[in-house]
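Reading the structure
Here's the letter readout for the chains.
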Amino acid sequence: TDRSSSLKSIFNLLDLIENSNNMTTNNQLISLWACLEKICVDLDENSIIQRVLSTMEKSHLLYTVKKDLNSIWHSLIKNKFHEKIKDIESLITDTDMGDDGVQYPKYQPIKLINYLKNIPSEDQDTIQTDNILLFAEITIFLGNINSKENVKKYLDRERYLVSQDINRIYRHRNILTHSNHDNIKNIEYFVIKLNQYINALISILIHYTMRNKSVNIKDVIFSIDSSYDFYVQQIENIEPNVDDLKKLIAPRY
């Protein structure tokens, strides 16, 4: 079936990614890029790099707000603010087993945003004193989502960063593939970034495939396109209230 074929392709990709961990850094980058092309190769586009770039931008931007909110939550827990501040402890809904076998507290995104938007002064003082970088991250995040204009600027900055990363990775891949030059500065950084992008995309592929038994990878990529188009339309009418913030955090498929 299409679904079993899709799942088999995804698992093959996961095997390729895992096997790349045993390669040299240069070969890792080449192999990981090949995995990315394999996902996008059968789609209608003028060039593979344009299809890869479009897919990576859209899949990343759909989850940018949730990703940044997750980062804040994980920092709050890592720095044990849930043990120091009762309001943060009350945001915990459950725990989830991490890859390292440790139980991590889960949270409700809207409740966390509402807390951050109305954080009491004494809690602000506690966070700022104990971890000023986290306090700055919270301040920047709230500024990014407090109006339609700021949300659009926020996503435009993210789009630019993704575009820069993907184009540089592609350029480095071409250098490694088509020349004898193998001493690329900061190659480890680009391998890490490429790993992050691919793993995020594969997570979306798995999520879509498990929700709909009839889809294949090509269907999922096109669904990302249409989901992103609808997401952009929603931002045009967004207000900084609970219902609209939900749309930012959990885009409609």
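Residues numbered from 1 in each chain as written. Predicted model: local features only at pLDDT ≥ 70, side-chain atom pairs only at ≥ 80, totals over all residues. Heavy atoms only, no water.

**Digging into the confidence of the model for the protein chain**
Taken over all residues, the pLDDT of the protein chain has a mean of 85, while the share at 70 or more is 91%. Of all helices and strands in the protein chain, the one with the weakest mean pLDDT is helix H1 (residues 2-20) (67), whereas helix H9 (residues 132-144) scores best (96). (pLDDT = per-residue confidence, 0-100. Helix = DSSP H or I, 4+ residues; strand = E, 2+ residues; numbered from the N terminus.)

**Digging into the layout of surface pockets**
Of the pockets and cavities examined, the largest pocket occupies roughly 940 Å³. His-60, Tyr-63, Lys-67, Gln-196 and Ala-200 are the residues nearest the centre of the largest pocket, which is lined by 24 residues in total. Top element by residues in the lining of the largest pocket is helix H11 (residues 187-211). It accounts for ten residues. For the lining of the largest pocket, the class distribution of residues is ten nonpolar, nine polar and five charged. (1 Å grid on protein atoms, 1.4 Å probe; cavity = no way out; pocket = protein on both sides within 12 Å on 5 of 7 lines; lining within 4 Å. Points joined across faces, edges and corners; volume = space filled by probe spheres on them. Nonpolar A, V, L, I, M, F, W, Y, C, P; charged D, E, K, R; others polar.)

**What to know about the packing of aromatic side chains**
Within the structure shown, the criterion is met by three aromatic pairs. Here Trp-33 and Tyr-170 contribute two aromatic rings whose centre-to-centre distance is 5.1 Å and whose plane-to-plane angle is 35°, an arrangement assigned as tilted. One end of the pair, Trp-33, is in helix H2 (residues 25-40); the other, Tyr-170, is in helix H10 (residues 148-178), and 137 residues separate them in sequence. Over the aromatic face of Phe-81 sits the side chain of Lys-84, whose NZ or CZ is 4.7 Å from the ring centroid. (Phe/Tyr/Trp six-rings, centres within 6.5 Å; stacked < 30°, edge-to-face > 60°. Lys NZ or Arg CZ within 6 Å of the ring centre and 35° of its normal.)

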